[in-house]
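# Survey of secondary and tertiary structure
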Amino acid sequence: MDAAVTNPPAGNVEDIEIQLLLEALFLRYHYDFRHYARTSIRRRLRQARDQLGFPNFSAMQEEVLHDEDMLSRLLDYLTVQVSEMFRDPSYFLALREKVVPHLRTYPSLKIWIAGCSHGEEVHSFAILLHEEGLLDRTIIYASDINPAALEIARSGIYPLDRIATFSRNHQLAGGKSSLADYYTTAYDRAVFDKKLRAKVVFSDHSLVTDEVFTECQLVSCRNVMIYFDRPLQDRAVGLFRDSLTRRGFLGLGSKETLRFSEHADSFTDFVREEKIYQRTDA
Amino acid sequence: MTGAAPRAIVIGASAGAVQALSDILPRLPADYPVPILVVVHVPAAPSGLTRLFAAKCAVAVVEPDDKERIAPGTVYFAPPAYHLMVEREGTIALSTDEPVLFSRPSIDVLFESAAESFGPELLAVVLTGANEDGARGAALIEQAGGSVLVEDPASAYAATMPAAALARCADARALSLDSIADHLLGLGAA
Ligand SMILES: C[S@@+](CC[C@H](N)C(=O)[O-])C[C@H]1O[C@@H](n2cnc3c(N)ncnc32)[C@H](O)[C@@H]1O
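Quick caveat, the model's predicted, so the values are computed rather than measured. (Residues numbered from 1 in each chain as written. Chains lettered and ligands numbered in written order. Predicted model: local features only at pLDDT ≥ 70, side-chain atom pairs only at ≥ 80, totals over all residues. Heavy atoms only, no water.)

Residues and elements named next belong to chain A. The 3 strands are arranged 3-5-4 in an open sheet whose pairing can be described as antiparallel. Two strands close off the open sheet at either side, each with one partner strand: strand 3 (157-159) and strand 4 (183-186). Across the sheet, the axes of successive neighbouring strands diverge by a mean angle of 30 degrees, strand direction being ignored. Of the pairings in the sheet, the one linking strand 3 to strand 5 (residues 189-192) comprises 3 bridges and is antiparallel in character. Across the sheet, the residue bridging to isoleucine 157 is valine 191, located in strand 5. (Pairing = 2+ DSSP bridges. Helix = DSSP H or I, 4+ residues; strand = E, 2+ residues; numbered from the N terminus. Axes fitted to C-alpha atoms, helices over the stretch in contact; angles between N-to-C directions.)

A few words on the interface of chain B and chain A. Counting from both sides, the interface comprises 34 residues of chain B and, opposite them, 34 residues of chain A. Summing both partners gives a buried area of about 2,600 Å² for chain B against chain A, and 46% of it is carried by carbon and sulfur. Our enumeration of links across chain B and chain A arrives at 11 salt bridges. Between arginine 46 of chain A and glutamate 116 of chain B there is a salt bridge, with the nearest N and O atoms lying 2.8 Å from each other. Connecting chain B to chain A are 20 residue pairs in polar contact (both at pLDDT 80 or more). Sorting the residues of the side of chain B that touches chain A by element identifies strand 5 (83-86), strand 6 (92-95), helix 3 (107-118) and helix 4 (135-143) of chain B as the ones contributing at least two each. Of the residues belonging to the side of chain B that touches chain A, the class tally is 13 nonpolar, 7 polar and 14 charged. (Contact = heavy atoms within 4.5 Å. Buried area = accessible area lost by both parts, 1.4 Å probe. Salt bridge = Lys/Arg side-chain N within 4 Å of Asp/Glu carboxyl O. Polar contact = N/O pair within 3.5 Å; in protein donor to acceptor, adjacent residues only side chain to side chain. Nonpolar A, V, L, I, M, F, W, Y, C, P; charged D, E, K, R; others polar.)

This model, assessed by the stated rule, comprises 14 aromatic pairs over all chains. Look at tyrosine 141 of chain A and phenylalanine 213 of chain A: their rings are 5.5 Å apart centre to centre, the planes differ by 70 degrees, and that puts the pair in the edge-to-face class. Taken together, the positions of tyrosine 141 of chain A in strand 2 (residues 138-144) and phenylalanine 213 of chain A in the loop between strand 6 (200-204) and strand 7 (216-221) put the pair 72 residues apart, joining distant regions of the chain. For phenylalanine 213 of chain A, a relative accessible area of 35% puts it in the partly exposed group. Aromatic side chains tyrosine 183 of chain A and phenylalanine 192 of chain A sit 5.3 Å apart centroid to centroid with 50 degrees between the ring planes, which places their arrangement in the tilted category. Classification of tyrosine 183 of chain A by relative accessible area gives buried; the value is 17%. Residue classification places phenylalanine 192 of chain A among the buried residues on the basis of a relative accessible area of 2%. An aromatic cluster is present here, built from Tyr31, Phe33, Tyr36 and Phe228 of chain A joined pairwise through their rings. A cation over an aromatic ring shows up here: arginine 34 of chain A above the ring of phenylalanine 26 of chain A, its NZ or CZ 3.8 Å from the ring centre. When the ring centre of phenylalanine 53 of chain B is taken as origin, the NZ or CZ atom of lysine 56 of chain B, which lies over that ring, is 5.3 Å away. (Phe/Tyr/Trp six-rings, centres within 6.5 Å; stacked < 30°, edge-to-face > 60°. Buried < 20%, exposed > 50% of the residue type's maximum accessible area, 1.4 Å probe, protein only. Lys NZ or Arg CZ within 6 Å of the ring centre and 35° of its normal.)

Neighbouring the ligand are 22 residues, the closest being Tyr36, Ser83, Arg87, Glu121 and Asp144 of chain A. Taken together, the residues near the ligand originate from chains A and B. Taking serine 83 of chain A, its side chain carries an N or O atom lying 2.6 Å from an oxygen atom of the ligand. Within the side chain of aspartate 144 of chain A, a nitrogen or oxygen atom sits 2.6 Å from an oxygen atom of the ligand. The protein chains hide 98% of the 600 Å² of surface that the ligand would expose on its own. Looking at the shell around the ligand residue by residue, the classes come out as 8 nonpolar, 10 polar and 4 charged. (Near = heavy atom within 4 Å. Areas by Shrake-Rupley, 256 points an atom, 1.4 Å probe, with all protein chains shown as cover.)

The subject of this paragraph is the sheet that holds strand 4 (residues 74-77) of chain B. Residues and elements named next belong to chain B. Ordered in space as 3-4-2-1-7-8-9, the 7 strands form an open sheet in which the pairing is parallel. Each of the sheet's edge strands pairs with one partner strand only, and the pair in question is strand 3 (60-62) and strand 9 (173-175). This sheet shows a mean twist of 20 degrees between the axes of neighbouring strands, independent of strand direction. Examined bridge by bridge, strand 2 (residues 36-40) and strand 4 share 3 bridges and lie parallel to one another. If you follow valine 38 over to strand 4, its bridge partner there is phenylalanine 77.

All names here are of chain B. Inspection of the secondary structure puts threonine 74 in strand 4. Polar side-chain contacts of threonine 74 include one of 3.5 Å to the backbone oxygen of alanine 71. The residues contacting threonine 74, other than those within four sequence positions of it, are Pro35, Ile36, Ala60 and Val62.

Let us now look at the UniProt feature "active site" (unreviewed entry) in chain B. All names here are of chain B. As annotated by UniProt and renumbered to match this structure, "active site" (unreviewed entry) occupies Ser14, His41 and Asp133. Judged by maximum C-alpha separation, these annotated positions cover 120 residues in sequence but sit close together in space, the widest gap being only 9.7 Å. Dropping the residues within four chain positions of it, serine 14 is found in contact with His41, Thr128, Gly129, Ala130, Asn131 and Met161. Mapped onto the elements of the fold, aspartate 133 is located in the loop between strand 7 (122-126) and helix 4. Judged by its relative accessible area of 1%, aspartate 133 falls in the buried class. Not counting residues up to four positions away in its chain, the partners in contact with aspartate 133 are His41, Leu101, Ser103, Ser106, Ile107, Asp108 and Met161. A distance of 2.8 Å separates a polar atom in the side chain of aspartate 133 from a polar atom in the side chain of histidine 41. (UniProt positions renumbered as here; feature names shortened; annotations may be inferred.)

Written as structure tokens, this is what we have:
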């Protein structure tokens, strides 16, 4: 690694190995990480290599081709699962104050949470919609490519030591009740009320390889596209555009923007500081 | 240092960062030719830092969005709770990966990615701090042929971070804040 770090690194052995490994994952399992942002995928693959004890990526490739268990271990490195309930509370406050009044005008609602990870964002939405009296008429589609993450999302169980942060965020997001109303504790776990998930459809869906599957009024896709390169971001934003109804809303992560997207013209800023966009009439 | 301007400057600072950066950044002219990427660990949100320095600097001071193109005359502060990295094509890459050495943003993460993007055309500056973040990354920058300046631990507000960087980097130079600022200004004049 040391001497190879030169500029520009064309023909760099590590780069070649990474490309081959990603190609192998795609051919064998149809998981497509070939257009993820290079710098962070390289970083996480190096972590996987070191922590799983491989001498290099070629060895890792051989193992994952022949052993399916290695795939799920690798997926945990390739997909970043860091999340929080009501992450960036000001985003949820803006949804509550500025977007909910529009959502109220629909007799029924569909919301797509893309890249839902362990479901923290799904539960945040369900609680917010419940507090605003909209949950009963809403279907939430929650999708991710990591099956283990989706399993946790379905269970609605989180370590108790995360609850203080979740509660604080909920209050900052304009929470109209106490977060404690929504979970019970068992040992060191908080188990969230299954009524929150009654209208949630969890599904394995990739923004890279899969197509649009529903029409919805709101898409929330936060901190997922930072892991994509530009062309892949364009593909994902294209899916969101095709999925949104006229004047539907798109919410991104706090440091994500449509400014660099080829689909920028299909959206206008709705709450600029919170990266909430509205689909223009096409 | 050969005197030729690098393509980018990366700076890491922790405890005492605001004071140290105040001795350096406000001295740079608006048309400073080299982009500067900064990771600061602070209890307060770095967005406050961006506002603070935007008010007292001639160079542009921003908290970048993902995929923004790195431009001269601009200081980029890592956004709160995101790692700040550079892609080889010269754009900003942010990530919410786990903290490294309890820090997100992490100085090591920025330095490592910058070493790979800019190779020998990179200058790193390690300022005051009470941890070891930055030492590993500075060593990688040196290995890739870049240069490393370190705030003199003897006069730094917190010596641990500069001392750790000096211990890992054979060719790093320890300088006062004033001399670091002079050095950066010199690059602009070249
Ligand atoms: C950092 S988490 C974001 C969680 C949550 N949205 C938030 O902002 O807190 C990123 C998630 O994106 C998922 N992901 C990565 N690639 C994806 C893809 N191609 N399609 C759908 N989800 C993907 C990962 O599995 C992970 O759960």
